[in-house]
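Structural characterization, general
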Amino acid sequence: MKVRTDRIKEMAAAAAADQGLHQTLLAAAGRFRQLRQGGVAAFDDLEKARDQGRRVKERCLAELDRLLPRLEKQVRAAGGRVHWARDAAAARAIILGLARARGVKRVVKGKSMMSEEVGLNQALEQDGLEVFETDLGEYIVQLAQESPSHILAPAIHKNKQEIAALFADKLGVDYTDDPEELTRIARRVLRQKFLQADMGITGGNFAIAESGTLALFENEGNIRMSTTLPRLHVALIGIEKVVETYRDFDVLRKLLTISATGQKLSTYLSLITGPRRDGELEGPDEFHLVLLDNGRSRILADPLLRQSLYCLRCGACLNVCPVYQCIGGHSYGWVYSGPIGCLLNTQLLPRGQGGPAPFACTLCGACAAVCPVKIDHPKVMLHLRWLMAEDPAWPLPRPPAARLGLSLYAWLATRPAGFRSASALARLLAPIAAPGGKARLTPPAISRWGRTRRLPRWQRPFSQRWPGLRRRLGNREEPS
Amino acid sequence: MIVTSQPGDAVSSSPKRRRVSLFIPCLVEDFFPEIGEAAAVVLDRAGVAVDYPEAQTCCGQLAYKTGHRSETRRFARHFLETFARAEAVVSPSGSCVSMVKNYYPSLLADDSTWAQAAEDMAGRVFELSQYLVDVLGLKDLGASWPGRAVYHDSCQVSRALGVSEQPQALLRAVAGLELRELDGADTCCGFGGAFSLQFPEVSERLLDDKVAAIEASGAEMVVSAEVSCLMNIGGRLAKTGSPVKALHLAQVLAGKEARS
Amino acid sequence: MSDPAREAIVQAVSAAVGRGQPTRSDPDTGPSQVAWLPPEEDWEAAAASLQALGDELLVIKGRQELAAALGEITARHQVKRAVRWDHRLLRRLDIDRLLAEQSVDCAAIAGEQDLRSLAAEAELGVTALDALVVSTGTLVMRGGRGRERAVSLLPEVHLALVTPDRRLRAIKDLVPLWQQWRSEPGGPPGSVTLVTGHSRTADIELILVSGVHGPKYIYVLALEFPWDD
Ligand code: SF4
Ligand code: SF4
């Protein structure tokens with residue numbers, strides 16, 4: 001997927017101007033919030049479950065160097081194969097290599113952020129393979145040659161008329177904007193693809209180390225199809241998806257579905273351990289698990305940033321984020337969006353390529369308040385801002401003037417008199433720097449602020465009023 | 001004046017008068033001094049002795065939230081020095097309190113001289129309503145302010161400090177004030193400090209949503225415990241010529257007399 | 001078979017987590033016995049859960065009722081062909097004959113070719129259940145020979161038969177069941193599928209649509225009679 005994270009400001013501005021998009025996003029987020037709320041209301045002690053979930057992730061990641069080999073051993077014992085990919089290119093090469101060696105022609109895919117992360121579709125298509133996304137939302141987005149805009153609802157940015165026109169154009173069916181009809185059309189088209197495909201590619205929500213089991217959640221059934229019908233199943237997961245035991249999995253699975261859609265369980269949960277066994281009539285002949293690092297071990301090394309890897313991809317944080325609801329998924333410029341996107345895009349991409357994502361946030365904390373594994377997004381956001389501002393390994397180009405202004409501001413911090421005279425000077429300059437007037441001295445950002453809001457006026461400062469005010473107070477403190 | 005007992009004396013017979021040091025953030029100092037005055041009046045009326053350490057400058061929030069920790073440490077040390085002797089520090093701005101309470105300790109954790117002071121301070125710095133309700137146990141301050149109001153549940157007060165019930169309880173006790181429901185009361189108003197300058201279009205969109213909700217509520221005033229939200233929301237209301245007023249909780253509690 | 005990528009990743013992870021203080025998993029305090037519900041308990045909770053999902057549970061008190069229920073379901077959905085698991089319960093009940101009486105052609109899947117043609121063309125798939133979670137209406141099915149996943153996936157209607165001794169209260173009660181399966185000689189089952197309601201999507205304007213890829217209708221028949229004689 002093309003990285004456009006450096007353009008987040010422009011894309012955000014354009015999206016913010018799109019009133020229709022804003023309304024769609026608000027409605028969608030509102031609906032998901034409502035679903036989650038319904039589930040949470042019936043949930044017994046969510047707070048306790050969140051603490052438990054957090055602890056499971058903490059422990060499993062702290063043990064990751066042991067869990068990964070254990071998972072590998074168990075997958076092998078069940079007849080599967082494990083591949084290790086250090087980066088996106090390696091993951092693409094592994095999967096492409098498998099497809100070539102087995103003479104694969106058609107590929108069906110289950111919804112997977114990982115596949116977006118490594119840019120898998122493009123690589124497979126360039127190699128002459130036919131690749132079909134099979135989650136309805138993903139299928140729509142693929143037909144439109146776009147990218148998903150929401151973890152849970154990839155095509156949330158398109159209305160049914162647009163989808164109707166797209167189906168009529170690309171599938172040659174009669175125009176209908178009835179969601180039932182459109183779904184039936186997709187079912188019919190994709191059913192053939194499932195039956196013809198040689199390879200199914202999925203992600204995975206969890207991998208259970210003690211048994212080598214992959215857990216997959218979905219509501220549609222396309223993942224079941226992709227893992228049942230083709231003769232090869234390839235699952236691509238990030239190394240952080242490993243949990244130790246089924247019991248650990250049980251703690252996280254309820255948090256995942258409740259937070260995502262308010263469901264106690266998604267419609268389907270598939271627990272897959274290895275390929276088809278001797279004598280069985282269905283299932284893939286081969287099961288391949290690709291474990292991708294792609295920057296994760298680096299995130300793991302920082303005790304504060306590590307929590308970014310706890311994410312279950314439930315999407316709850318997107319649905320409460322005011323910024324996401326205004327700018328939508330595409331504006332973030334890479335695979336992940338919303339609060340978790342600000343964190344992951346910055347950390348998974350090579351340093352310096354993440355753009356100003358951690359600044360695309362008002363630090364309102366709504367995300368952290370709902371996150372099922374208690375990721376403190378604002379805290380991580382601030383940590384990343386700090387790294388970008390002060391750590392030479394995380395370059396964020398900054399105009400020298402801003403740097404100088406900041407140093408001056410900090411220098412004045414310990415000099416109350418200087419601090420006050422600086423504000424007195426600003427007060428003096430205010431009339432000539434007034435926006436709208438001869439605004440030559442007003443920084444453009446401030447004058448933009450002043451175009452939409454009345455700028456506050458300089459007043460006689462509190463510190464000067466205090467002596468008079470103090471005399472009016474009844475409960476004066478005697479000077480000691 | 002009641003003569004305070006010696007530190008360490010039993011306080012059961014004659015309760016020692018509580019003392020607070022006012023922490024007036026820079027926005028209040030220069031642009032909204034009347035909010036600072038109102039806070040002082042309210043604390044005074046609650047029977048608390050109020051002082052104002054004149055050496056105070058700024059909590060350094062802007063520097064911190066744009067990633068500049070080394071600069072912020074200067075602010076933090078200066079703050080701790082200025083308020084070192086304060087029994088309690090109270091401010092009418094949630095975000096500044098959160099800065100001191102939630103971020104100073106980790107910021108100075110490796111500073112052998114200041115780490116302990118930062119930890120201690122986190123336990124005695126309060127947002128105004130938090131101090132009134134949680135520490136003093138007050139709800140009704142005898143204020144009167146007739147009219148329909150909504151409460152903007154500012155992020156830096158409600159989520160950063162966990163203070164949401166307190167200001168609303170205080171408002172409910174204000175004579176003549178009708179507290180209405182605000183749709184999306186705890187949704188961000190779009191300010192976010194430097195965010196509003198870096199992502200102005202997004203900030204404005206969020207602000208418009210907030211203002212629309214306020215206007216739809218039929219309220220005559222929107223009340224908040226966070227100065228920066230008031231600057232943002234109030235600035236928009238004023239610009240569009242809306243009759244709705246943006247008021248700080250302290251102003252409402254002080255009553256109309258405190259308006260300057 | 002040394003894989004440099006493997007070594008590199010495990011090493012990087014090892015360095016990142018820093019060794020020395022091995023964290024231990026929470027003690028395994030849960031019950032090790034599977035908490036099957038008493039067979040005499042009624043089916044109300046399960047029926048309510050399925051109804052909430054838009055599906056149906058029917059309590060069947062005898063062979064007559066079974067035939068009638070099959071008749072009604074196959075008529076309602078105009079079923080002409082059905083596939084089923086090759087499962088003892090279904091053989092004992094002689095599901096093939098009961099369906100044949102309704103002019104429905106039913107057979108177990110005998111070979112791989114069957115799976116693609118039969119399961120893809122049949123309107124009805126019949127399975128048994130390894131467990132039914134009553135609080136959520138979740139159908140639990142192990143995969144394997146004679147227990148093909150495609151049967152509960154490809155046809156538009158899924159019919160699942162369950163006996164009173166296969167009920168669990170909550171999803172967490174699957175933990176000991178899973179542990180039991182895992183410790184069997186062959187290790188954990190190659191596949192376990194949990195089905196909670198029929199296939200659905202809300203990907204178009206968040207409007208809920210049933211039956212995207214999997215079945216649109218689910219019927220659970222609760223067998224309240226001695227079928228094994
Ligand atoms: S960060 Fe938390 S809330 Fe957001 S998607 Fe991940 S798990 Fe869900
Ligand atoms: S803190 Fe930032 S990322 Fe989180 S919800 Fe608020 S604006 Fe979005």
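Residues numbered from 1 in each chain as written. Chains lettered and ligands numbered in written order. Predicted model: local features only at pLDDT ≥ 70, side-chain atom pairs only at ≥ 80, totals over all residues. Heavy atoms only, no water.

Some details on the interface of chain C and chain A
- Listed by partner, the interface residues are 75 residues for chain C and 87 residues for chain A.
- Per-residue buried area on chain C facing chain A is highest for Asp203, Ile204 and His213 of chain C; these three make up 12% of the total on that side.
- Counting the contacts that link chain C with chain A gives 4 salt bridges.
- A salt bridge links Arg276 of chain A to Glu112 of chain C; the nearest nitrogen and oxygen atoms lie 2.9 Å apart.
- Where chain C meets chain A, there are 31 residue pairs in polar contact (both at pLDDT 80 or more).
- Elements with a minimum of two residues in the side of chain C that touches chain A: helix H1 (4-17), helix H6 (112-121), helix H7 (174-182), strand E9 (191-196) and strand E10 (200-201) of chain C.
- Top contributing element to the side of chain C that touches chain A by residue count: H1 of chain C, with 10 residues. (Contact = heavy atoms within 4.5 Å. Buried area = accessible area lost by both parts, 1.4 Å probe. Salt bridge = Lys/Arg side-chain N within 4 Å of Asp/Glu carboxyl O. Polar contact = N/O pair within 3.5 Å; in protein donor to acceptor, adjacent residues only side chain to side chain. Helix = DSSP H or I, 4+ residues; strand = E, 2+ residues; numbered from the N terminus.)

Comments concerning the pairing of strand E4 (residues 199-202) of chain A
All names here are of chain A.
- Every second residue of E4 is oriented toward a common face, with Met199 and Ile201 on one face and Gly200 and Thr202 on the other, all of them buried.
- In this structure, strand E2 (residues 106-109) lies alongside E4, joined through 3 bridges in parallel fashion. Paired with Val108 across the two strands is Gly200, which belongs to E4.
- Across 4 bridges, the pairing between E4 and strand E7 (residues 232-238) is parallel. In the strand pairing of E7, Met199 is matched with Leu232. (Buried < 20%, exposed > 50% of the residue type's maximum accessible area, 1.4 Å probe, protein only. Pairing = 2+ DSSP bridges.)

Concerning H1 of chain C
- With 14 residues, H1 of chain C should reach 20 Å at 1.5 Å per residue; the first-to-last C-alpha distance of 20 Å fits that figure.
- Buried residues along H1 of chain C sit in contact with helix H3 (46-62), helix H4 (64-77), strand E1 (81-85), strand E10 (286-292) and helix H13 (296-301) of chain A.
- The residue sitting at the N-terminus of H1 of chain C and contributing the capping side-chain oxygen is Asp3 of chain C; that oxygen lies 2.9 Å from the backbone nitrogen of Ala5 of chain C.
- Count one or two residues on from H1 of chain C and you reach Gly18 of chain C, which has phi positive near 65°. (Expected span 1.5 Å × (residues − 1).)

Considerations on the site of ligand 2
- All residues adjacent to ligand 2 are Cys321, Pro322, Val323, Pro339, Cys361, Thr362, Leu363, Cys364, Gly365, Cys367 and Met381 of chain A.
- Of the residues assigned to the shell around ligand 2, the class counts are 9 nonpolar, 2 polar and no charged. (Near = heavy atom within 4 Å. Nonpolar A, V, L, I, M, F, W, Y, C, P; charged D, E, K, R; others polar.)

A few points about the nonpolar core
- Membership of the largest hydrophobic core comes to 237 residues, with the highest contact counts inside it found for Phe249 and Leu289 of chain A together with Leu22, Tyr104 and Val202 of chain B.
- Of all the elements, helix H12 (residues 246-261) of chain A adds the most residues to this core, at 8 residues.
- Not counting residues up to four positions away in its chain, the partners in contact with Phe249 of chain A are Phe206, Ile208, Ala215, Phe217, Val243, Leu269 and Leu271 of chain A.
- Listed in part, the 79 residues of the second largest apolar core include Val173 of chain A together with Ala160, Val220 and Phe225 of chain C. (Core = buried A, V, L, I, M, F, W, Y, C linked by side-chain atoms within 4.5 Å.)

With respect to the domain arrangement of chain A
- Structurally, chain A comprises domain 1 (63-243 + 270-294) and domain 2 (402-458).
- Look at where the C-alpha atoms of domain 1 of chain A and domain 2 of chain A centre, and you get two points 54 Å apart. (Domains from an automatic or database assignment.)

Overview of the interface of chain B and chain A
- Taken residue by residue, the interface counts 72 residues in chain B and 70 residues in chain A.
- Where chain B abuts chain A, roughly 6,400 Å² becomes buried across the two surfaces, and 60% of that area is made up of carbon and sulfur atoms.
- At the junction of chain B with chain A, the criterion picks out 3 salt bridges.
- Per-element tally for the side of chain B that touches chain A: the top contributor is helix H11 (residues 200-216) of chain B, with 9 residues.
- A class-by-class count of the residues in the side of chain B that touches chain A yields 32 nonpolar, 19 polar and 21 charged.

Overview of the site of ligand 1
- Every residue close to ligand 1 is listed here: Cys311, Leu312, Arg313, Cys314, Gly315, Cys317, Ile340, Cys371, Pro372, Ile375 and His377 of chain A.
- Its residues assigned to classes, the shell around ligand 1 shows 8 nonpolar, 2 polar and 1 charged.

A word on the state of the cysteines
Residue and element names in this part refer to chain A.
- Taken as a whole and assessed by the stated rule, the structure comprises 0 disulfides over all chains.
- Take Cys60: it sits in no disulfide, and the sulfur closest to it among the cysteines is that of Cys311, at 15 Å.
- Taking relative accessible area as the criterion, Cys60 reaches 1% and is therefore assigned buried. (Disulfide = S-S within 2.5 Å.)

Quick look at the packing of helix H22 (residues 462-472) of chain A against helix H2 (residues 33-45) of chain B
- Axis separation between H22 of chain A and H2 of chain B bottoms out at 10 Å; the angle between their running directions is 35°. Helix-helix and strand crossings are classified by hand; for H22 of chain A and H2 of chain B the assignment is right-handed. On H2 of chain B, the residues touching Phe462, Arg465, Trp466 and Leu469 of chain A of H22 of chain A are Pro33, Glu34, Gly36, Glu37, Ala40 and Val41 of chain B.
- Here the residues of the contact of H22 of chain A with H2 of chain B sort into 6 nonpolar, 1 polar and 3 charged. (Axes fitted to C-alpha atoms, helices over the stretch in contact; angles between N-to-C directions. Left-handed = near helix turned anticlockwise from the far one by under 90°.)

Notes on the packing of aromatic side chains
- Inspection of the entire model under this criterion finds 20 aromatic pairs over all chains.
- For the pair Phe217 of chain A and Phe249 of chain A, a centre-to-centre distance of 6.1 Å together with 40° between the ring planes defines the contact as tilted. Of this pair, Phe217 of chain A sits in strand E6 (residues 213-218) while Phe249 of chain A sits in helix H12, and the two are 32 residues apart along the sequence.
- Using a relative accessible area of 0% as the deciding quantity, one classes Phe249 of chain A as buried.
- Arranged with centres 4.6 Å apart and planes meeting at 45°, the rings of Trp458 of chain A and Phe31 of chain B form a pair that is tilted. With one member in each of two chains, Trp458 of chain A in the loop between helix H21 (444-452) and H22 and Phe31 of chain B in the loop between helix H1 (26-30) and H2 form a pair that bridges those chains.
- On the basis of relative accessibility, which here comes to 28%, the residue Trp458 of chain A falls in the partly exposed class. (Phe/Tyr/Trp six-rings, centres within 6.5 Å; stacked < 30°, edge-to-face > 60°.)

Examining the arrangement of the chains
- Counting contacts across all 2 pairs of chains that touch, the top pair turns out to be chains A and C.
- A gap remains between chain B and chain C, which never touch, and the nearest two C-alpha atoms on either side lie 21 Å apart.

Focus on the sheet that holds E4 of chain A
All names here are of chain A.
- Reading across the sheet, the 6 strands line up as E1-E10-E7-E4-E2-E3 and stay open at both edges, with parallel pairing between neighbours. Every interior strand has two partners, whereas the edge strands, E1 and strand E3 (130-133), have only one. Direction aside, neighbouring strands of the sheet carry axes that sit 20° apart on average.

Here's the deal with the sheet that holds strand E3 (residues 89-91) of chain B
All names here are of chain B.
- With parallel pairing, 4 strands are arranged side by side in an open sheet as E2-E1-E3-E4. Every other strand in the sheet has two partners, leaving strand E2 (49-51) and strand E4 (125-127) as the edge strands with one partner each. Averaged over all neighbouring strand pairs, the angle between strand axes comes to 35°, with direction disregarded.
- As defined by bridge partners, strand E1 (residues 19-22) adjoins E2 across 3 bridges and the pair is classed as parallel. For Arg19, the partnering residue across the bridge sits in E2 and is Ala49.
- Set on the sheet, helix H5 (residues 94-107) makes contact with E3 and E4; between it and E4 the angle comes to about 155°.

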